[in-house]
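Listed below are the residues making up each chain.
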Amino acid sequence: MLSKYTGIITKHIRASQLRCFTGAHHPSASAANSSTNTTGISSSWTNPDPGSELCVSTTSGFLPRRDPLAILPSYYEKIDELLHEMSVLKQDGTFGLLHTGRFGSRIERELPLYDVEFVFDLRILAALYRDYSMLASAYLLEPCDIQFRLARNYGLARRVLPTNIAVPLDIISRRLGQKPFLEHSSFTLYNYRRRDQTLPITLNNLEPIRRFSGCDKEHNFIVGHVAAARQTDEIVAASLNILRSAQNNKRIGFNAALRQYTEAMSRVNDILSQTLKGCGEYASFHTFLNGCKAQTMFNRGVLFENNAATSTHKYLGVAQSSSPIASLSTHLFQLSDLSPRGSLPCTDGVDYLRAPNYRSFLSHVNNQARHLAIQSYALRNAESSAEYISALGQVLSYRYRQWANLRDSMHIQSTKDDYAFCDYLDVQTCHVRDIAELICRTHANTDFETLPSNLRSQSEAVVHSAEVIHRSLDRIIDTEEAPPLPVSMIAY
């Protein structure tokens, strides 16, 4: 169990001390020009539902195919009203219902039981799913937020979700093929509007539609993920190009696709480094992002009132998940095999919560990458290894930022006695360390002497950062009584 942290790292890890990587024979070598592998898995992905709102494509990436619906039809005006009044700090500077603890009672008294049985418009359904799932999280976790502000601990959440939220949310989620609980993409990627509809999606042209706390950090969290997702069209295209080139044994195309992926991920990391610089006020809205599975505030899950299912519902929340970008990198580069516990934080364990279109794409990438042994294929060529190391360096940067914010969250929110949270942090720490170790041993087992100097120096810079992070996390894992790291200390 991780509970303490060490000081700032100063030394390197020698790559020669790391275990050697061994890869399996690559199946595409015997079928270089085949477009379909021997198991019948095609290198191309056919979108099963291109009309859905949360739809993966090479033109919009993981962003919705249309801007989210910001205002519901007038029939649902009470939902709009309650969500406008909900946030701890409203946009006009006054305190909202969650600040005063009156949100739950207003829901019970004023929210009608809307009939959503005959709603089939996908854009309206997606907006209703976002809004009802946020109503559910706010209602269930309102007592925890109040308790946290008073005593820096969560206490217990409400255990029963009332009929006027539970029944519509269950119907809508079934129709969309999702789980009836707040999910990462609904809180971020389907929760924005452009201030000027004629201008593109940029940080300065975005604002959240719905908010829990209303603080600047929540604003940055949401718009940062949206602006970062704007770059995922290139990431999706690069991922498919990597798989296609590996299957057809096109080494030049494979290397070019890896560079394409690295450049796009670099832009994602640049955006997130501007917006997610540390926790700070993150604690002011983090409470509402918790799930109802393996959490101390939910002892036995949540009961949906007047629901056909009599058992309690247990789901991971936004705080236990992450952007689909993280899942994609994990599947594409076969990083799930690095986890010492057989379960990966923030990725594969929450794929089942994502929109069906996301699930289909991520499953395709996972199956293809495993069949083609992408990791092994990259390491069979020195130039590919160098490009692979650069791509992993961007994944490591993304993951390390997640880990640093999670670590800071534990100190700020005083969750050291939350065993589920600490165990989750423990797994996250081990996984980030293992990515750094993979980079180091890949470099140690590759002959870079024949490569141009720019590729050598590029790889060495990534390996240097990976060594620093590896040493840092090794100390954290091995040290029981070390002082905490400075809040938001990012190694590179």
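Treat the numbers as computed from the prediction; the structure is a model and nothing was measured.

Draft legend 1. Highlighting the overall build of the chain. Within the chain, the secondary structure is distributed over 16 helices and four strands. Expressed as a percentage of contacts within the chain between residues at least 6 apart in sequence, the contacts between residues at least 24 apart total 79%. If you sum the accessible surface of the chain, you get close to 19,100 Å²; carbon and sulfur atoms cover 50% of it.

Draft legend 2. Structural detail: the packing of helix H8 (residues 232-247) against helix H12 (residues 356-372). The contact between H8 and H12 brings their axes to 10 Å, and the two run at 30 degrees. Here H8 is positioned roughly parallel relative to H12, judged by the angle of their axes. Seen along the crossing, H8 lies across H12 with a hand that is left-handed. Residue-level inspection shows Val236, Leu240, Leu243, Ala246 and Gln247 of H8 in contact with H12, the latter providing Phe361, His364, Val365, Gln368, Ala369 and Leu372.

Draft legend 3. Local environment of the packing of helix H4 (residues 122-151) against helix H5 (residues 163-176). Taken N-terminus to C-terminus, the directions of H4 and H5 make an angle of 140 degrees; their axes are 9 Å apart at the nearest point. By the angle between their axes, H4 is oblique relative to H5. The interaxial crossing formed by H4 with H5 has left-handed handedness. On the side of H4, the interface is formed by Leu122, Leu125, Ala126, Leu128, Tyr129, Tyr132, Ser133, Leu135, Ala136 and Tyr139, while H5 contributes Asn164, Ile165, Pro168, Leu169, Ile172, Ser173, Arg175 and Leu176. Each residue belonging to the contact of H4 with H5 can be placed in one class, and the counts come to 14 nonpolar, three polar and one charged.

Draft legend 4. Looking closely at the packing of aromatic side chains. Scanning all chains against the criterion turns up 15 aromatic pairs. Counting every residue linked through ring pairs, the aromatic cluster contains Phe187, Phe212, Phe221, Phe285 and Phe288. Positioned above the aromatic ring of tyrosine 139 is the side chain of arginine 158, whose terminal nitrogen or guanidinium carbon lies 4.6 Å from the ring centre.

Draft legend 5. Highlighting H12. The end-to-end C-alpha distance of H12 is 24 Å, a good match for the 24 Å that 17 residues give at a rise of 1.5 Å each. Buried residues in H12 make contact with helix H6 (184-187), H8, helix H11 (324-332) and helix H13 (374-378). Two residues or fewer past H12, alanine 373 is found with a positive phi of approximately 50 degrees.

Draft legend 6. Local environment of the side chain of aspartate 170. Tracing the sequence through the fold places aspartate 170 in helix H5. According to the relative accessible area criterion, aspartate 170 is buried, its value standing at 12%. Polar side-chain contacts of aspartate 170 include one of 3.0 Å to the side chain of arginine 174.

Draft legend 7. Just the pattern of salt bridges, in detail. On inspection of all chains with the given rule, the structure shows 23 salt bridges. The partner of arginine 109 in a salt bridge is glutamate 110, and the shortest N-O contact between them spans 3.8 Å. Its relative accessible area of 59% is what places arginine 109 among the exposed residues. Here glutamate 110 falls in the partly exposed class, since its relative accessible area comes to 24%. If you follow the salt bridges from partner to partner, you end up with Lys78, Glu81, Arg106, Arg109 and Glu110 in one network.

Draft legend 8. Quick look at the confidence of the model for the chain. This prediction gives the chain a mean pLDDT of 80; 79% of its residues lie at or above 70. Of all the helices and strands in the chain, helix H10 (residues 283-286) carries the lowest mean pLDDT, 77, while helix H3 (residues 103-110) carries the highest, 96. Confidence drops under pLDDT 50 across residues 1-41; counting only partners more than four residues distant or on other chains, this segment forms 110 contacts. Here residues 340-348 is modelled with pLDDT under 50, and outside its nearest four sequence neighbours on either side it reaches 36 contacts, counting other chains as well.

Draft legend 9. Quick peek at the nonpolar core. Formed by 136 residues in total, the largest nonpolar core has its most connected members in Ile79, Leu161, Phe187, Phe212, Tyr261, Phe333 and Phe361. Per-element accounting of this core gives the leading share, 15 residues, to H4.

Draft legend 10. Spotlight on H4. Under the 1.5 Å per step criterion, the end-to-end length of H4 is 42 Å for 30 residues, consistent within 8% with the ideal 44 Å. For H4, the principal kink sits at leucine 141 and spans about 55 degrees; a proline, proline 143, occurs within the next four residues. Of all 30 residues in H4, 21 are buried; the element is thus mostly enclosed. Residue aspartate 121 occupies the N-cap position of H4, its side-chain oxygen lying 3.0 Å from the main-chain nitrogen of arginine 123. Downstream of H4 by a residue or two, arginine 152 has a phi angle that is positive, lying close to 60 degrees.

The rules behind each value
Residues numbered from 1 in each chain as written. Predicted model: local features only at pLDDT ≥ 70, side-chain atom pairs only at ≥ 80, totals over all residues. Heavy atoms only, no water. Helix = DSSP H or I, 4+ residues; strand = E, 2+ residues; numbered from the N terminus. Contact = heavy atoms within 4.5 Å. Areas by Shrake-Rupley, 256 points an atom, 1.4 Å probe, with all protein chains shown as cover. Axes fitted to C-alpha atoms, helices over the stretch in contact; angles between N-to-C directions. Parallel < 35°, antiparallel > 145°, perpendicular 65-115°, else oblique. Left-handed = near helix turned anticlockwise from the far one by under 90°. Nonpolar A, V, L, I, M, F, W, Y, C, P; charged D, E, K, R; others polar. Phe/Tyr/Trp six-rings, centres within 6.5 Å; stacked < 30°, edge-to-face > 60°. Lys NZ or Arg CZ within 6 Å of the ring centre and 35° of its normal. Expected span 1.5 Å × (residues − 1). Buried < 20%, exposed > 50% of the residue type's maximum accessible area, 1.4 Å probe, protein only. Polar contact = N/O pair within 3.5 Å; in protein donor to acceptor, adjacent residues only side chain to side chain. Salt bridge = Lys/Arg side-chain N within 4 Å of Asp/Glu carboxyl O. pLDDT = per-residue confidence, 0-100. Core = buried A, V, L, I, M, F, W, Y, C linked by side-chain atoms within 4.5 Å. Bend = angle between axes of the 7 residues up to and from the residue.

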